[in-house]
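# Report on the structure
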Amino acid sequence: MLTSLTLQDGRLSPAQQEQYWEEGYLFPLPALPAALARDYRGQLEGIERDWLDAGLPLPLNTYKRINAHVVCPWWLKLPHIQLCWT
């Protein structure tokens, strides 16, 4: 498992800022606790497994892009979760 980058008082260090400007990205930054991320991934994979060949009139991804909260109601909780910046 990759070790997450740490933030100083919720901010990128000067070295991290420089790396971002040089490379265009920083990885990995913690966003959710690992257990919660695993749970959400499991739910998403379950939906994909159960509905992939369900004879839907449009591809499954269409339903996750528009009104995703209807397909995955637990997504509504994501904006309310406190991000776990360390």
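These numbers come from a predicted model, not from an experiment.

For the structure on display, the rule yields two salt bridges. Across the pair arginine 41 and glutamate 45 runs a salt bridge, and its minimum N-O distance is 2.8 Å. One end of the pair, arginine 41, and the other, glutamate 45, are both in helix 2 (residues 34-51), four residues apart, so they sit about a helical turn from each other. The partner of aspartate 50 in a salt bridge is arginine 49, with the nearest N and O atoms 3.4 Å apart. A relative accessible area of 52% means that aspartate 50 is categorised as exposed.

Looking now at the packing of aromatic side chains. All chains considered together, the criterion is met by one aromatic pair. Look at tyrosine 20 and tryptophan 21: their rings are 5.5 Å apart centre to centre, the planes differ by 75°, and that puts the pair in the edge-to-face class. Judged by its relative accessible area of 71%, tryptophan 21 falls in the exposed class.

By secondary structure assignment, the location of tryptophan 74 is in the segment after helix 4 (68-71). Expressed as a C-alpha distance, the spacing of tryptophan 74 and leucine 44, which sit 30 residues apart in the sequence, is 9.7 Å. Once residues within four sequence positions are removed from consideration, tryptophan 74 is found in contact with Tyr40, Gln43, Leu44 and Ile47.

Turning to helix 2, a few remarks are in order. Here helix 2 spans 26 Å end to end across 18 residues, near enough to the 26 Å set by a 1.5 Å rise per residue. Buried within helix 2 we find Tyr40, Gly46 and Ile47. Down the axis of helix 2, the buried set is contained in an arc of 120°. They therefore lie on one face. Within helix 2, the exposed residues directed more than 90 degrees away from the buried face are Ala35, Arg38, Arg41 and Arg49. Contacts from the buried residues of helix 2 go to helix 3 (60-65) and helix 4.

Moving on: helix 1 (residues 14-23). With one of 10 residues buried, helix 1 lies mostly on the surface of the structure. Just beyond helix 1, the residue with positive phi is glycine 24, at close to 90°.

Turning next to the confidence of the model for the chain. For the chain, per-residue confidence averages 78 on the pLDDT scale, and residues scoring 70 or more make up 87% of the total. Ranking the helices and strands of the chain by mean pLDDT puts helix 1 first, with 90, and helix 3 last, with 75.

Basis of the calculations
- Residue numbering note: each chain is counted from 1, following its sequence as written.
- Confidence filtering applies because this is a predicted model: local features only for residues at pLDDT of at least 70, side-chain atom pairs given and counted only at 80 or more, and all residues used for totals across whole chains, interfaces and linings.
- Excluded from the side-chain calculation are hydrogens and water; included are all heavy atoms of the structure.
- A carboxyl oxygen of Asp or Glu within 4 Å of a side-chain nitrogen of Lys or Arg is what we treat as a salt bridge.
- For helices the rule is a DSSP run of H or I covering at least 4 residues; for strands it is a run of E covering at least 2, with both sets numbered from the N terminus onward.
- Only protein chains enter the accessibility calculation, which uses a 1.4 Å probe; a residue whose area is less than 20% of its type maximum is buried, one above 50% is exposed, and one in between is partly exposed.
- Any two of the Phe, Tyr and Trp rings considered here, Trp counted by its six-membered ring, make a pair once their centres fall within 6.5 Å; the pair's planes then place it as stacked at under 30 degrees, edge-to-face at over 60, or tilted in between.
- It only takes one pair of heavy atoms within 4.5 Å for two residues to be counted as in contact.
- By definition here, a helix of n residues has an expected span of 1.5 Å times n minus one.
- The directions from the helix axis to the C-beta atoms are what the arc is built from.
- Values of pLDDT, the confidence the predictor places in each residue, fall between 0 and 100.

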